[in-house]
Amino acid sequence: MLNRPSSRLSRGLSLVALAVALALPAHAQEKPAVSDDAGVEKRGRITPFNGAAMPEGAETGDKSNAASDKKPADGTAPSGGVGVFDRMGAELPALPAEKPFAGKVDDAYGAFQRGYYLTAMDLALPRAQLGDPAAQTLIAEILQQGLGVVRNPQQAAFWYGQAAEKGDPAAMFKYALILMEGRYAKRDRKKSEELMKKAADLGNGSAQFNYGQTLVADNPGPKGLKLAMPYYEKSAEQGIADAQYALSQILVNVDGIEESKRARAREWLIRAARAGFDTAQLDIAIWMIEGIAGDRNLEDGFGWMRRAAEGGNVVAQNRLSHLYVNAIGTRPNPVEAAKWYVLSRRAGLKDDALEDFYLGLNEEQQKQALSAANRYRRS
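Residues numbered from 1 in each chain as written. Predicted model: local features only at pLDDT ≥ 70, side-chain atom pairs only at ≥ 80, totals over all residues. Heavy atoms only, no water.

A. Broad picture of the overall build of the protein. Scanning the protein from terminus to terminus reveals 20 helices and 0 strands. When burial is assessed residue by residue, the protein has 42% of its 379 residues classed as buried. A fraction of 56% describes how many contacts in the protein between residues 6 or more apart in sequence connect residues 24 or more apart. (Helix = DSSP H or I, 4+ residues; strand = E, 2+ residues; numbered from the N terminus. Buried < 20%, exposed > 50% of the residue type's maximum accessible area, 1.4 Å probe, protein only. Contact = heavy atoms within 4.5 Å.)

This is the structure we're talking about:
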């Protein structure tokens, strides 16, 4: 548990660096619209999608006859699965034999995982005092979060430091953050970066993302992005949504990337979106609507835009209003369009085109939209 810290812990330190990481080089910034016949690949974020039309030959989504097409059951086609009623009473295949655990059971971590924090503290403290880095990291985590005890970040910093010196990757990552912040230990940027790199090289996903951010901050432009990319890749493979998002942007916007890697840009962005990263949800919606890094898919793009909007992303709320107005990936719905516009306007996002649309609604539609906006609760 402690060896895979939440990426949320890494986000606080690297907000500024993340903005730098995703800043596009001059050649990747938005360019004037180019005709589809020009053969120029769409790169980067393309946001003006008002009036986008359904691509020619797009499927209507009518799959009413799909179920009637029976597949041969001779093994030449994939199975459609077995329903629960078909399974009832059937003998299930035997489970594979369990492999015996030959390692040493850590009672302190076991108590921690079951929520017995005081027991975990009692079991870990004697080991921590004898220099056990895993126990020291556990003590630090309990003190840092105030689990069953009074929260004490100062003592937590001490134990993180002790475990970091003995090579625990999770402690190295946490102590590197503490040294960078300089609140509960003397600020030491050089040592912080050294520990972050060591933790990253030892496989800590959050440290890999943060060290990548450090490389980008120290080496502005494409050079830093390419230096950071291997660390982002390793972090992304471990499920760190921040790294997945950053990697997707690099793959689309930086020249000189292997095409086999570039082809995975949308995959990484979808992973970050599924993890609840609202900026990734907004971007994948735009990518799907505009056909960036893959084919256009208006319905899925609309779905991701709505998900980001419902999560409270103000830009997505504004864009979702445009989708409803122009019936992109959905049916036209003036009341829903006005509702999302009102919400984004209240958050301070001005849009003259949507304001004109709103003023063109009749009094009853405006009343319904305002009522829906007032009832809205962020999901």
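Picking up after the structure, the text goes on.
B. How the structure looks around the packing of helix H8 (residues 169-181) against helix H9 (residues 189-201). Two elements in contact, H8 and H9, have axes whose closest approach is 8 Å; the angle formed by their N-to-C orientations is 155 degrees. In terms of axis orientation, H8 runs roughly antiparallel to H9. For the element pair H8 and H9, the recorded crossing hand is left-handed. For the pair formed by H8 and H9, the contact residues are Pro-169, Met-172, Phe-173, Tyr-175, Ala-176, Leu-177, Leu-179 and Met-180 on the first element and Arg-189, Lys-191, Ser-192, Leu-195, Met-196, Lys-198 and Ala-199 on the second. Taken together, the residues of the contact of H8 with H9 sort by class into 11 nonpolar, 1 polar and 3 charged. (Axes fitted to C-alpha atoms, helices over the stretch in contact; angles between N-to-C directions. Parallel < 35°, antiparallel > 145°, perpendicular 65-115°, else oblique. Left-handed = near helix turned anticlockwise from the far one by under 90°. Nonpolar A, V, L, I, M, F, W, Y, C, P; charged D, E, K, R; others polar.)

C. View of the packing of aromatic side chains. Counting across every chain of the model gives 8 aromatic pairs. Note that Lys-234 overlies the ring of Tyr-231, its terminal NZ or CZ placed 5.6 Å from the centroid. (Phe/Tyr/Trp six-rings, centres within 6.5 Å; stacked < 30°, edge-to-face > 60°. Lys NZ or Arg CZ within 6 Å of the ring centre and 35° of its normal.)

D. Representation of the environment of Gly-291. Relative to the helices and strands, Gly-291 resides in the loop between helix H15 (278-290) and helix H16 (298-310). Considered as a pair, Gly-291 and Gly-301 are 10 residues apart in the sequence and their alpha carbons are 9.8 Å apart.

E. Structural detail: the packing of helix H5 (residues 117-129) against helix H6 (residues 133-145). Between H5 and H6, the shortest axis-to-axis distance is 8 Å and the interhelical angle comes to 140 degrees. One way to sum up the angle between H5 and H6 is to call them oblique. You can see that H5 and H6 cross each other, and the crossing is left-handed. Of H6, the residues touching H5 (which contributes Tyr-117, Ala-120, Met-121, Ala-124, Leu-125, Arg-127 and Ala-128) are Ala-135, Gln-136, Leu-138, Ile-139, Ile-142 and Leu-143. Along the lines of polarity and charge, the residues of the contact of H5 with H6 split into 11 nonpolar, 1 polar and 1 charged.

F. Fine view of unusual backbone geometry. The backbone phi angle of Ala-293 is positive, close to 60 degrees, even though this residue is not glycine. Of note, Ala-293 is situated in the loop between H15 and H16. Judged by its relative accessible area of 29%, Ala-293 is partly exposed. Although it is not a glycine, Ala-327 adopts a positive phi angle of roughly 55 degrees.

G. Up close: the side chain of Gln-136. Along the chain, the position of Gln-136 falls in helix H6. For Gln-136, a relative accessible area of 1% translates into the label buried. Those residues within four positions of Gln-136 in sequence are excluded, and the remaining contacts are Ala-128, Gly-131, Trp-159, Gln-162, Ala-163 and Lys-166.

H. How the structure looks around the pattern of salt bridges. Here the structure, examined in full by the defined rule, presents 14 salt bridges. Note that Lys-174 is salt-bridged to Glu-141, the shortest N-O span being 2.9 Å. With a gap of 33 residues between them, Lys-174 in helix H8 and Glu-141 in helix H6 connect regions that are remote in the sequence. Across this residue pair, the class does not change: Lys-174 and Glu-141 are buried. Residues Glu-237 and Arg-264 are paired through a salt bridge, measuring 3.8 Å at the closest nitrogen-oxygen approach. Of this pair, Glu-237 sits in helix H11 (residues 222-237) while Arg-264 sits in the loop between helix H13 (259-262) and helix H14 (265-274); the two residues are 27 residues apart in sequence, bridging distant segments of the chain. The class for Arg-264 is partly exposed, based on a relative accessible area of 27%. Within this structure, Glu-237, Arg-264, Glu-267 and Arg-271 form a network of salt bridges that share partners. (Salt bridge = Lys/Arg side-chain N within 4 Å of Asp/Glu carboxyl O.)

I. Representation of the confidence of the model for the protein. Across the protein, pLDDT averages 81, with 74% of residues at or above 70. A low-confidence stretch, residues 1-87 stays under pLDDT 50, and its non-local contacts, those more than four residues away or across chains, total 104 contacts. (pLDDT = per-residue confidence, 0-100.)

J. Main features of the environment of Leu-177. Position of Leu-177 relative to the elements: it lies in helix H8. Taking the C-alpha atoms as reference points, Leu-177 and Arg-189, separated by 12 residues in sequence, lie 9.5 Å from one another.

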